[in-house]
Amino acid sequence: MTDTTPTPREQLARQLAEAVAEALRADLATRERALLVLSGGSTPVPFFQALAPMDLPWARIEVTLADERWVTEDADDSNARLVREHLLQGPAAEATFVPLTSAAETPEQGVEEVAARLAGLAWPASAVVLGMGGDGHTASLFPDSQELALALTTEEPLVAVRTPSQPQARITLSAERLHRARRHFLHITGSDKRDVLARALSGDDVRELPIRAFLACPAAIYWAP
Ligand SMILES: O=C(O)[C@H](O)[C@@H](O)[C@H](O)[C@H](O)COP(=O)(O)O
């Protein structure tokens, strides 16, 4: 007899999907369109898979990314590919997805075009779902990035980011634009990230642990072992 009890991480993904769906429904009760900002990486996949089949007016929902690696959409490490493969399936395929890359060689060359693309979306976002790396980064706001100070202070929506800890050039929503949301969710799993979160909650230096810029938005923390 196979055990069908969901794991803590599967339960977490489902609870987060229900909370995000509820946020979208609430906003769409009074607005024509709603915007959802998602992070990439590995953690969100079960969340995307739990959200995709939900009964939502997907044709009125816009989806974009908190950040992206500056790679083609068919690359293994493309966040756009992750969203298309795990979220924009079935009912959710009706959503409007706005990727953060262009045909430009570099994010520095592409940032203006992508910013123009974002301008027409339904800001403030209904929800921003953030992840977190072991170094306390979120989106592509990395402690070892020379663009971190700019990304934390600029009024511009997007920043091109290069950082020694990452193999690819990246583009990220700025802290200002990530804050332009009605709700923030932090989706993390495992004991290592729990310990990083504990450190982040016990200090104030955002440059040391950039996730700190979003812990008092307020943020709903979705963590499972
Ligand atoms: O492009 C990315 O990689 C994400 O947007 C990034 O900010 C992610 O949320 C963290 O790196 C955690 O990634 P994992 O979920 O893979 O640990």
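Residues numbered from 1 in each chain as written. Predicted model: local features only at pLDDT ≥ 70, side-chain atom pairs only at ≥ 80, totals over all residues. Heavy atoms only, no water.

Naming follows an unreviewed UniProt entry, where the protein chain appears as 6-phosphogluconolactonase of Halomonas aestuarii. The protein chain has a UniProt comment under Function (unreviewed entry) that states "Hydrolysis of 6-phosphogluconolactone to 6-phosphogluconate." Looking at the protein chain in UniProt, the text filed under Catalytic activity (unreviewed entry) is "6-phospho-D-glucono-1,5-lactone + H2O = 6-phospho-D-gluconate + H(+)". (UniProt positions renumbered as here; feature names shortened; annotations may be inferred.)

*Asks:* Tell me about the overall build of the protein chain, and please be specific about residues and values.
*Replies:* Helix and strand counts for the protein chain stand at seven helices and nine strands. Seen along its three principal axes, the alpha-carbon backbone of the protein chain occupies a region of about 50 × 40 × 35 Å. The buried share of the protein chain, reckoned over its 225 residues, is 56%. Accessible area of the protein chain: about 10,000 Å², with a carbon and sulfur share of 51%. Each charge class in the protein chain can be summarised by its mean position, and for the 21 positive and 31 negative side chains these summaries are 4 Å apart. (Helix = DSSP H or I, 4+ residues; strand = E, 2+ residues; numbered from the N terminus. Buried < 20%, exposed > 50% of the residue type's maximum accessible area, 1.4 Å probe, protein only. Areas by Shrake-Rupley, 256 points an atom, 1.4 Å probe, with all protein chains shown as cover. Lys, Arg positive; Asp, Glu negative; His and termini not counted. Charge placed at Lys NZ, Arg CZ, Asp CG, Glu CD.)

*Asks:* I'd like to hear about the sheet that holds strand β6 (residues 158–161), residue by residue, with values.
*Replies:* With respect to topology, three strands assemble into an open sheet ordered β3-β7-β6, the strand pairing being antiparallel. Looking along the sheet, the strands with just one partner apiece sit at the ends: β3 (67–69) and β6. Sheet twist, expressed as the mean angle between neighbouring strand axes with direction ignored, is 15°. Here helix α4 (residues 107–119) sits on the sheet in contact with β6 and β7 (170–173), set at roughly 160° to β6. (Pairing = 2+ DSSP bridges. Axes fitted to C-alpha atoms, helices over the stretch in contact; angles between N-to-C directions. Contact = heavy atoms within 4.5 Å.)

*Asks:* Summarise the packing of aromatic side chains; cite the residues concerned and give the values.
*Replies:* Overall, the coordinates contain two aromatic pairs when judged by the stated rule. With a centroid separation of 5.7 Å and an interplanar angle of 50°, the aromatic rings of F47 and F48 are classed as tilted. With respect to class, F47 is no different from F48; both count as buried. One residue, R177, lies across the ring of W123, its end atom 4.6 Å from the ring centre. (Phe/Tyr/Trp six-rings, centres within 6.5 Å; stacked < 30°, edge-to-face > 60°. Lys NZ or Arg CZ within 6 Å of the ring centre and 35° of its normal.)

*Asks:* Break down the sheet that holds strand β4 (residues 96–98) for me, with residues and values.
*Replies:* Taken in spatial order, the six strands line up as β4-β2-β1-β5-β8-β9 in an open sheet, and their pairing is parallel. Strand pairing shows two members of the sheet lacking a second neighbour, β4 and β9 (220–224), which therefore form its edges. Within the sheet, the average angular offset between the axes of one strand and its neighbour, ignoring direction, is 20°. Bridge count for strand β2 (residues 61–65) against β4 is three bridges, and the pairing is parallel. Bridge assignment links T64 to a residue of β4, and that residue is V98. Of the strands in this sheet, β8 (184–189) and β9 are in contact with helix α7 (residues 191–201), which crosses β8 at around 135°.

*Asks:* How would you sum up the site of the ligand? Please name residues and give values.
*Replies:* Surveying the vicinity of the ligand reveals 15 residues, the closest of which are T43, D67, R69, H137 and K193. For the ligand, an oxygen atom lies 2.7 Å from a polar atom in the side chain of H137. With the chains in place, 88% of the 410 Å² that the ligand exposes on its own is no longer accessible. (Near = heavy atom within 4 Å. Polar contact = N/O pair within 3.5 Å; in protein donor to acceptor, adjacent residues only side chain to side chain.)

*Asks:* Break down a nonpolar patch on the surface for me, citing the residues and quoting the values.
*Replies:* A surface patch of nonpolar side chains, about 270 Å² in accessible area, is lined by L201, I221 and W223. For L201, the location among the structural elements is in helix α7. Of the residues examined, L201 reaches a relative accessible area of 53% and is grouped as exposed. (Patch = residues over 30% accessible without salt bridge, like charges linked within 9 Å, V, L, I, M, F, W, Y side chains within 5 Å. Salt bridge = Lys/Arg side-chain N within 4 Å of Asp/Glu carboxyl O.)

*Asks:* Describe the environment of L56, and please don't skip the residues or the numbers.
*Replies:* Take L56: it is sitting in the loop between α2 (45–51) and β2. Each C-alpha atom, one on L56 and one on L88, is 13 Å from the other, the two residues being 32 residues apart in sequence.

*Asks:* An account of the nonpolar core is needed here, citing residue identities and associated values.
*Replies:* Counting 77 residues, the largest nonpolar core has V20, V37, F47, L51, L87, L158 and L178 as its most contacted members. No other element matches the eight residues that helix α1 (residues 8–28) contributes to this core. The residues touching L178, leaving out its near neighbours within four places in the chain, are V37, A66, V128, L130, A139, L141, L173, H184 and F214. (Core = buried A, V, L, I, M, F, W, Y, C linked by side-chain atoms within 4.5 Å.)

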